[in-house]
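These are the residues of each chain, in order.
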Amino acid sequence: MMENNICDNLLNLAFSEPKKFNESVDKIVSTTLESLDKDLVVRKLLSLLDITTLHDDDYKQAIEDIVLQSTFEIDGNRGVVAGICVYSNLLPLLNAINIDKRISKVVVSGGFPTGQMSLEGKLHDIGFAIENKADEIDVPINRGLFFEDIEELCIELNAMNSIVKQNPKAKLKVIIEA
């Protein structure tokens, strides 16, 4: 209840007295930052990140290297990143390495980075990722379709999502690669 009062008061100040609003926000932010456990914040931020290797010469050594980077220790506390992201064809190599179970196996697919691939090719690539136990599949939208034929884009996204749903634990993430 108190938080709502603070929010209501800040909203009222924002519209009625913008200068006081800015001062109040600055005070809240500075007080909050001073009381934060910085190590805890860094561990939390790192645990939300996907680390990525998307080089044209990636192969076994690159996968082994990124797996080594996926765990960290801060002030005696061990943590892991949220995910490791690779091209879909490298997923079997990632699967061959024993990684922490808390780390998601993420792939870029669907004509990454532009989305300029036939729908059949995208579906085949996504199907390969699902068969190889990807936890998340990141696909770029075809920006040409976005601007010129949004209905066709929706058809593509629904078709891709239907393949991803073959693994109930897997997620489709649609990205804009710009």
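Refer to the preceding data block for the structure.
Thresholds, definitions, all that
- Residues numbered from 1 in each chain as written.
- Predicted model: local features only at pLDDT ≥ 70, side-chain atom pairs only at ≥ 80, totals over all residues.
- Heavy atoms only, no water.
- Helix = DSSP H or I, 4+ residues; strand = E, 2+ residues; numbered from the N terminus.
- Buried < 20%, exposed > 50% of the residue type's maximum accessible area, 1.4 Å probe, protein only.
- Contact = heavy atoms within 4.5 Å.
- Areas by Shrake-Rupley, 256 points an atom, 1.4 Å probe, with all protein chains shown as cover.
- Core = buried A, V, L, I, M, F, W, Y, C linked by side-chain atoms within 4.5 Å.
- Patch = residues over 30% accessible without salt bridge, like charges linked within 9 Å, V, L, I, M, F, W, Y side chains within 5 Å.
- Salt bridge = Lys/Arg side-chain N within 4 Å of Asp/Glu carboxyl O.
- Pairing = 2+ DSSP bridges.
- Axes fitted to C-alpha atoms, helices over the stretch in contact; angles between N-to-C directions.
- Lys, Arg positive; Asp, Glu negative; His and termini not counted.
- Charge placed at Lys NZ, Arg CZ, Asp CG, Glu CD.
- Phe/Tyr/Trp six-rings, centres within 6.5 Å; stacked < 30°, edge-to-face > 60°.

Participant: Would you mind showing me how to read the overall build of the chain here?
Facilitator: Scanning the chain from N- to C-terminus turns up eight helices and seven strands. Within the chain, the proportion of its 178 residues that are buried is 35%. If you take every contact in the chain between residues at least 6 apart in sequence, the share linking residues at least 24 apart comes to 60%. Carbon together with sulfur atoms contributes 55% to the accessible area of the chain, which is approximately 11600 Å² in total.

Participant: So what exactly am I meant to see when it comes to the nonpolar core here?
Facilitator: Considering soluble globular proteins, one finds that nonpolar side chains tend to be buried as a cluster. Within the largest apolar cluster, 29 residues are counted, with the highest numbers of intra-cluster contacts made by Ile84, Leu94, Ile126 and Ile137. Of all the elements, helix 8 (residues 150-164) adds the most residues to this core, at five residues. Those residues in contact with Ile126, other than ones at most four positions away along the chain, are Ser109, Ile137, Val139, Met160, Ile163 and Val164.

Participant: Help me understand a nonpolar patch on the surface in this model?
Facilitator: On the surface, a nonpolar cluster with roughly 340 Å² of combined accessible area is contributed by Leu36, Val41, Leu45 and Leu48. Inspection of the secondary structure puts Leu45 in helix 3 (residues 38-47).

Participant: Explain the sheet that holds strand 5 (residues 104-108) here, please?
Facilitator: Pairing within the open sheet is parallel, and its five strands lie in the order 1-4-5-6-7. A single partner strand is all that each edge strand has here, and the edge strands are strand 1 (50-52) and strand 7 (171-175). Here the strands of the sheet are splayed against their neighbours by 25° on average, with no regard to which way each runs. In the sheet, strand 1 pairs with strand 4 (residues 83-87) via three bridges, with the strands oriented parallel. Its bridge partner lying in strand 4, Asp50 is registered against Gly83.

Participant: How should I be thinking about unusual backbone geometry in this particular structure?
Facilitator: What you tend to see is this: most non-glycine residues have negative phi, and most peptide bonds are trans. Across the junction of Phe112 and Pro113, the peptide omega takes the value 10°, indicating a cis bond. Along the chain, Pro113 turns up in the loop between strand 5 and helix 6 (119-131). In this structure, Asp75 is a non-glycine residue whose phi angle is positive, near 55°. Tracing the sequence through the fold places Asp75 in the loop between strand 2 (71-74) and strand 3 (77-80). Positive phi values are uncommon outside glycine, yet Lys133 reaches one of about 65°. Relative to the assigned elements, Lys133 resides in the loop between helix 6 and strand 6 (136-140).

Participant: So what exactly am I meant to see when it comes to the pairing of strand 4 here?
Facilitator: In regular strands, side chains alternate between the two faces of the sheet. Of all the five residues making up strand 4, four are buried; the element is thus mostly covered by neighbouring parts of the structure. Relative to strand 5, strand 4 runs parallel, the two sharing five bridges. Bridging across to strand 5, Tyr87 finds its partner in Val108.

Participant: What's the story with a negative patch on the surface in this structure? I'm lost.
Facilitator: Judged by side-chain charge, Asp37, Asp39, Glu73 and Asp75 come together as a negatively charged surface patch. Along the chain, Asp39 falls in helix 3.

Participant: Just to check I follow, could you spell out the packing of aromatic side chains for this structure?
Facilitator: Two measures describe an aromatic ring pair: the distance that separates the ring centres and the angle between the ring planes. For the structure shown, the criterion picks out two aromatic pairs. Taken together, a centroid distance of 6.4 Å and an interplanar angle of 65° make the contact between Tyr87 and Phe112 edge-to-face. Residue Tyr87 is found in strand 4, and its partner Phe112 is found in the loop between strand 5 and helix 6; the two are separated by 25 residues along the sequence. Tyr87 gets classed as partly exposed once you look at its relative accessible area, which sits at 26%. Look at Phe146 and Phe147: their rings are 5.1 Å apart centre to centre, the planes differ by 80°, and that puts the pair in the edge-to-face class. Judged by relative accessible area, which is 40%, Phe146 ranks as partly exposed.

Participant: What is the right way to read the environment of Ile163 from this model?
Facilitator: As for its position among the elements, Ile163 is in helix 8. For Ile163, a relative accessible area of 17% corresponds to the buried category. Once the C-alpha coordinates of Ile163 and Ile126 are considered, the two residues, 37 residues apart in sequence, prove to be 6.9 Å apart. Ile163 has contacts with Leu123, Ile126, Gly127 and Ile130, leaving out every residue within four places of it along the chain.

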